[in-house]
Amino acid sequence: MGRIPQAADTGIRPRYPNDGNVMKRTTRRTAVVAGLTAGLMAGPLAAAAVAAPTATITLNGSSATVSGSNVTVSGGAVTITAPGSYEIRGTLNNGSVTVNTAAAGAVELILNGASITNASSSALHVASADAVTVTLAAGTTNALTDATTYTNPDEPDAALFSTADLTIAGTGALTVRGNYADGIAAKDDLVIQSGTVTVNAKDDAIRGKDSLTVNGGTVSATSTSGDGLKSNDEEAGKGVVTITNGTVSVAAGDDGIKGQNALNISGGTINVTRSFEALEALELTISGGTLNVVSTDDSINAAEEGLDEFAVSTKAFIRVSGGTIISDSGKDGYDSNGTLTFTGGTVVANGPTSGARGGDGAFDANGTTFLNGGTVLGAGMTSMAVLGTRVPTNGQGWVAPVFPTNRAAGTIVHIVSGTTVLASYQAPKSFYEVVFSSTRITNGQAYDVYTGGSVSGTSTGGLYSGGSIAGATKALTVTAGVYGRARP
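Read on for an overview of the structure. (Residues numbered from 1 in each chain as written. Predicted model: local features only at pLDDT ≥ 70, side-chain atom pairs only at ≥ 80, totals over all residues. Heavy atoms only, no water.)

## So, the overall build of the protein
Looking only at helices and strands, the protein has two helices and 45 strands in total. A buried classification covers 56% of the 488 residues belonging to the protein. Considering only contacts in the protein between residues 6 or more positions apart, those separated by 24 or more positions represent 58%. Within the structure as shown, the protein displays about 17,600 Å² of accessible surface, and the carbon and sulfur contribution to it stands at 50%. (Helix = DSSP H or I, 4+ residues; strand = E, 2+ residues; numbered from the N terminus. Buried < 20%, exposed > 50% of the residue type's maximum accessible area, 1.4 Å probe, protein only. Contact = heavy atoms within 4.5 Å. Areas by Shrake-Rupley, 256 points an atom, 1.4 Å probe, with all protein chains shown as cover.)

## Observations regarding the side chain of S231
In this fold, S231 is placed in strand 20 (residues 229-231). Leave out the neighbours within four places in its chain, and S231 touches G208, K209, D210, S211, L212, G239, V240, V241, K258, G259 and Q260.

## Thoughts on unusual backbone geometry
Of note, the phi angle at N70 is positive, near 65°, even though the residue is not glycine. In this structure, N70 sits in the loop between strand 2 (64-68) and strand 3 (71-74). By relative accessible area, N70 is classed as partly exposed at 32%.

## Side note on the pairing of strand 6 (residues 96-100)
Across the five residues of strand 6, four count as buried, placing the element largely inside the fold. Pairing between strand 4 (residues 77-80) and strand 6: four bridges, direction parallel. Each residue of the ladder has a partner; that of I80, found in strand 6, is V99. Summarising the sheet, strand 6 and strand 8 (residues 124-128) pair through four bridges and their orientation is parallel. (Pairing = 2+ DSSP bridges.)

## Digging into the packing of aromatic side chains
Any aromatic ring pair is given by two values, namely how distant the centres are and how the planes are angled relative to each other. Inspection of the entire model under this criterion finds five aromatic pairs. With a centroid separation of 5.4 Å and an interplanar angle of 70°, the aromatic rings of F342 and F363 are classed as edge-to-face. In this pair, F342 sits in strand 33 (residues 339-350) while F363 sits in strand 34 (residues 363-365), placing the two residues 21 residues apart along the sequence. Residues F342 and F363 agree in their burial class; the two are buried. The rings of Y334, F342 and F363 are connected pair by pair, giving a single aromatic cluster. Geometry around F317 places R319 over its ring, the cationic atom sitting 3.6 Å from the centre. (Phe/Tyr/Trp six-rings, centres within 6.5 Å; stacked < 30°, edge-to-face > 60°. Lys NZ or Arg CZ within 6 Å of the ring centre and 35° of its normal.)

## Points about the pairing of strand 14 (residues 182-186)
For strand 14, the buried fraction is high: five of the five residues fall into the buried class. Examined bridge by bridge, strand 11 (residues 158-162) and strand 14 share four bridges and lie parallel to one another. For F161, the partnering residue across the bridge sits in strand 14 and is A185.

## Thoughts on the side chain of Q260
With respect to the secondary-structure elements, Q260 resides in the loop between strand 23 (257-259) and strand 24 (262-265). The contacts of Q260, once residues within four sequence positions are left out, are S231, N232, D233, E234, G239, L282 and E305.

## Some details on the nonpolar core
If you look at the biggest cluster of nonpolar residues, it comprises 86 residues, and the most contacted ones within it are L109, I206, L229, L279, Y334 and F363. Residue contributions to this core peak at five residues, all from strand 7 (residues 106-117). Once residues lying within four places of it in the same chain are set aside, the contact partners of L109 are I80, Y86, I88, V99, L124, V132, T133, V134 and T135. (Core = buried A, V, L, I, M, F, W, Y, C linked by side-chain atoms within 4.5 Å.)

Given below as structure tokens:
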């Protein structure tokens, strides 16, 4: 059963309470963001902006020189004071670039082989602006590194920190090291449009308070003690993580990808190689993409904070309508405080190998589980951890063979109708039970379950595209749509 995450005692203070201290210039900001969006759709590296920036900032180790206007330099402190396009190149060994403008309009920062390290605070800080785009120039590698201890302990608290809407675009590369707390953090909306973005952080790797959106690029997020990708605003309509495209790799000390209110995945390739819970939100929707996630607790979790973990939530849900999702969980593969619904896609949940039978398993919902489409396979100590009236009673057919003893990793299981093999699964972990649902299963009909034989073709988390019962042994006969009743 999923838990409500608690803040770890890491010495890192909570950030971004709902203190209401950030005033948004709503009309002006909306127009600016719309303009930025249109520009990005046309291409993140606008030729005119690169060809004629407002200023070119050349970092030279301990300070900087400027060709152009609206930039001040004081030692290693570089400050941009007006909207415009600014090209930044060179190396700053102990200093920062700050955007601080009250004027209307967007700021573009073109990183063209820039490396900034700060020994006392953020490397790149947007203190005030309508909206900022960081453009990674083609063919360049850029780096931002912050301090391990900040002189101002309140904020900023990330190597790349923004109080305004922040977009990362371009085709170059950016490496961010967050030694103090977070790697990249925005107090408004954060969008990664393109580029190769690699973040290593002590706490959260990439965080957009109001929202975090990944529309493309290659994103690698590593966190020592926090979350990988995160949006943490509790206000309705905010706290949303959206992934539509790109390649996202996460290794997290806590949750892999977390939306305080919602997590929506419609495309892209997502790999969570280390996490406590891999995907978490109140409302969790997967409609596309290729996902492979690993967790020590629940892999895919919908939880309502403040609600008893055994109570039925009217708000929490997990909905899968497309994509390919493989999960390897230490506890439940899918755990919803509310409903759990499958209407499409291919799902393979390799659940826990330890714990009491009837506890953690492949699929667990406090509310109703709906099997209404797709190809769904789960295995573990218990395939469906919460049963009773919540076992699917209509919709797509399913079988749930319960073996009399634990079966070892590597065991091959076939679901067979007559002589036709409907599904072949080679378990990567030990298990007691398997549940399988697809359009090939009809509730009320009997199916034979074989162990042994062989598998062939493409494997999706252990579910193969082909298999043979030659040399296999019939272990059980089960009735589709009935849980826990099988005969040898």
